[in-house]
Structures are given as C-alpha cells and as structure tokens.
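Understanding the architecture of this molecule
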Amino acid sequence: MVTTLSQSQARRIALAAQGFLDKPHDRPTMRTLARTVERTGVLQVDSVNVLQRAHFMPLYSRMGAYDVDLLARASARKPRRLVEYWAHVQALMPVELWPLMRHRMDSYRNQRHKWWGSEVSEELVANLMAEIADRGASTARDLDDGLPRSKEHWGWNWSATRRALDYLYMVGEVAIAERNSQFEIRYDLPERVLPADVLTAPTPTLEDTNRELVRRAARSHGVATARCLSDYYRMRLQPTSEDRAVAGAIEDLVAEGELEPVRIDGWNRPAYLHRDARRPRRVEARALLSPFDPVVWLRERTEKLFDFHYRIEIYTPAPKRQFGYYVLPFLLGEEIVGRVDLKADRQSGRLVVKAAYAEEGAPEETARELSTELVRLAGWLGMDELTVEPRGDLAPLLRP
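Keep in mind that this is a model prediction, so the values were computed, not measured.

Our next topic: the nonpolar core. Membership of the largest hydrophobic core comes to 58 residues, with the highest contact counts inside it found for Met93, Trp98, Val214 and Tyr233. With seven residues, helix α10 (residues 158-170) is the single largest residue contributor to this core. With residues up to four places along the chain from it excluded, the contact list for tryptophan 98 reads Val83, Met93, Met105, Gly172, Val174, Ala175, Leu194, Val198 and Leu199.

This is the structure:
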C-alpha cells in the first residue's frame, strides 16, 4: 500500500531536508558551511547584487549571520571544497561532483558548433589554453587586453575570447579558480584548481552518474516528483533523454529501497520519499529566501508545497511589476507568509524595504517576526539603518 502524505507533512519533510531543522551554531564555522551545503547540494551563482550575491543567501537563510570569507575559503583556496560548474545552472558544487559532470562536459563538446558556432576556432582555443597555462588564473579581460600581438593573426577580440572561454569551461578544459571583486571569472587549468584525487577519479558510467545525481536530489528535496528530481541538477542537459535517465535512476533507487513511492495530497504526480528524510512534526523556521534558493527554484513545486505563486520580476518593466524588482519570500514556521522587495543601498548604509506584502492567512505575528529578521539581515549586510517605504499591506506594520 502506498503511503499518503499531507501537504503539510511534505512541506515539513522538504524544509528539514534543506537544513531548516539543523541546530544553529553560535558562530558558524567551516563545519557549519559544509553541513549546509550537504543539505542544499549546490549554491546557485547569479550576478544580481541589489541585495547580496545569490550564492551567499541560502547559507545565511540556514546558518544565520556568518563571515562570508568562509565561502571564499571553501571555493577559492586550498583545500578547495567547492567549485563552479553548470550543475543546476551556474552554481557552486562540491568538488567531488566534478567526475559526475564529465558526461555533461562531453555532451557540450559534441554540440560545440550548435552552441558556440564557428567563431570558436581551434586556433583560438589552442592559444587561449597556452596563455592560461603560462599566465595562471586570468579573466577574459586580462587575456583580451594582454595579447595585442595576437589580434592581427588569429582574430582575438572580446566577443570571441569570452565565447571560447565559455566553451572551454563547459567542456572542462578550464575551471573557475575564483571571481574578482568585479565578479569577473578567473579561469585556470583544472589541475591548478581542483584536488588531484578529484581529477584522477574515474568517470562513472552514465547510468551511475544519473543514479547518483537523482540520489543527491532526493536527499536535498526529502520528498519529490520525478520532475523535481530531474530539475535539481538539470538532468535534461544529459546526452540521453531526461525521462529515460531520471526514470531509470528512480526505478533503481526504489528497487534498492532508497526511495519509497508515496502520494501527496493535492499533487497529481507520483512522488518519492528518501529513506533518510526526517519527518518532523514541527518546523520553526524564520528566514528570508533568495529568489535563487533551492526551496523556491522550481516554481510549480513551490506552489504545490506552500500554495505560494512566485515569479522573479527582475526582467519585467517596472510599471508592470506586481510586487517589485528583487522580492524575497518570507518563511515563518513551515509556511511562506509574506514577500518583501529589498535593496541594500550601500552608499547610504541602508537596507531599504521597497515593498512588503502579507500572504492570505498570514499569522498575526508576521509583521513582528519579519521586522526582527530584517534587522538581523541589515546587521549581517553591514547596513546601519533599515528604511521601510510605504508600499504593500505589510509595510505600515513593520518596525525598524
């Protein structure tokens, strides 16, 4: 008989799997960061900096105020724990995932002309690799500005350089050593970025790769549909069809007893519960979630779990935005009870609440709890003042 979970049970399982049940450390350490990344699996990277870079926020939402140098140490210094790759979209992932990405790298190599065109020539690629080998970690701008001797010979220009580096990164010929203060990527040879044991690790079969990625997705989700599981590591980028790759992995994990088929009230698709998923009776979270947080990545999952319709409006013209430019869902307990449009005005040292809205049925304490969380966030961001603009039904109730 298939177990049936209520929406609330599924929601609590999902939040527990994402780390919202972990006991906070008074002062987050590298151990805290490692535990958190074990829950989230990856940290999406995005260039928008109106509040804080995307990869920093999920850690804050789970760990509380932490020294962001922890993430720099984990991703840019030895012993390197994290490295950027297209693991969800652009994301920081544990270095041990590198061998699992090799089939994906081969897929991009086989589609070189489809994605990068003839502009990325063999000569350009060879010259780039030679320059990086000689120079060490370099940005596209470093390479472009530093090679006037080559421009007349093989057509070096910013566009071609950037496209070629993108190709080399996607196929694993170069790796991201770090990002500079302007958020530009510094590329280097993989052997100067990744631990030797990761580079020399054998490449798993495609079937083993699919199974491991689905396994990790299931751990991070707690309970999930096949669609949820395939989206976590964007398995549609695999060289085989998404349905066969994911379905086969799910079948294997069910047969092994690692996944249990379940039903979730209100969901019209089969779901799977990971055997190690915690099933708490309560979740007492209080967190602002980045638009790029794994809890809200897949919008249809967010709607099913939380009855919360959410869309990023960054690319929507200002007059057509419903809630604002950079809107963060507010998680309280096990429910998303509000949303707030935030901006860090670094010049004036203010965290600005551009708008704040309560969800239908939000509890009475929502404004008080959100006010407390906003003050905490401002402190972590180094903002001296919290300013609330009068937009949204929740805004007049906030107390800076």
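In this section: the pattern of salt bridges. Under the criterion given, the structure shown has 34 salt bridges. With a shortest N-O distance of 3.4 Å, arginine 135 and glutamate 131 are connected by a salt bridge. In this pair, arginine 135 and glutamate 131 are both assigned in helix α7 (residues 122-135), four residues apart and thus about one turn of the helix distant. Take arginine 135: its relative accessible area is 36%, and that puts it in the partly exposed class. Salt bridges linked by common partners bring Glu212, Arg215, Arg216, Arg219, Glu256 and Glu258 together as one network.

What follows concerns the sheet that holds strand β9 (residues 271-274). With respect to topology, four strands assemble into an open sheet ordered β1-β8-β9-β7, the strand pairing being mixed. Every interior strand has two partners, whereas the edge strands, β1 (3-5) and β7 (223-225), have only one. Taken pair by pair, the neighbouring strands of this sheet meet at an average axis angle of 45°, ignoring direction. As defined by bridge partners, β1 adjoins strand β8 (residues 259-264) across three bridges and the pair is classed as parallel.

What follows is about the sheet that holds strand β4 (residues 90-94). Pairing within the open sheet is antiparallel, and its three strands lie in the order β2-β4-β3. Each of the sheet's edge strands pairs with one partner strand only, and the pair in question is β2 (43-44) and β3 (82-86). Here β2 pairs with β4 via two bridges, running antiparallel. Bridging from a neighbouring strand, glutamine 44 pairs with alanine 91 of β4. Helix α4 (residues 69-76) rests against β2, β3 and β4 of the sheet, and its axis sits at about 75° to β3.

Turning to the packing of aromatic side chains, a few remarks are in order. In this structure the tally under the stated criterion is 10 aromatic pairs. Aromatic pair tyrosine 232 and tryptophan 297: ring centres 4.9 Å apart, planes at 65°, arrangement edge-to-face. Taken together, the positions of tyrosine 232 in helix α13 (residues 226-232) and tryptophan 297 in the loop between β10 (285-288) and α15 (299-306) put the pair 65 residues apart, joining distant regions of the chain. Comparing tyrosine 232 with tryptophan 297 shows no difference in burial state: the two are buried. Ring pairs connect the aromatic residues Tyr60, Tyr66 and Trp380, which therefore count as one cluster. A cation over a ring is seen here: arginine 53 above phenylalanine 183, with NZ or CZ 4.0 Å from the ring centre. Positioned above the aromatic ring of tyrosine 167, the side-chain terminus of arginine 112 is 4.8 Å from the ring centre.

What counts and how
Residues numbered from 1 in each chain as written. Predicted model: local features only at pLDDT ≥ 70, side-chain atom pairs only at ≥ 80, totals over all residues. Heavy atoms only, no water. Core = buried A, V, L, I, M, F, W, Y, C linked by side-chain atoms within 4.5 Å. Buried < 20%, exposed > 50% of the residue type's maximum accessible area, 1.4 Å probe, protein only. Helix = DSSP H or I, 4+ residues; strand = E, 2+ residues; numbered from the N terminus. Contact = heavy atoms within 4.5 Å. Salt bridge = Lys/Arg side-chain N within 4 Å of Asp/Glu carboxyl O. Pairing = 2+ DSSP bridges. Axes fitted to C-alpha atoms, helices over the stretch in contact; angles between N-to-C directions. Phe/Tyr/Trp six-rings, centres within 6.5 Å; stacked < 30°, edge-to-face > 60°. Lys NZ or Arg CZ within 6 Å of the ring centre and 35° of its normal.

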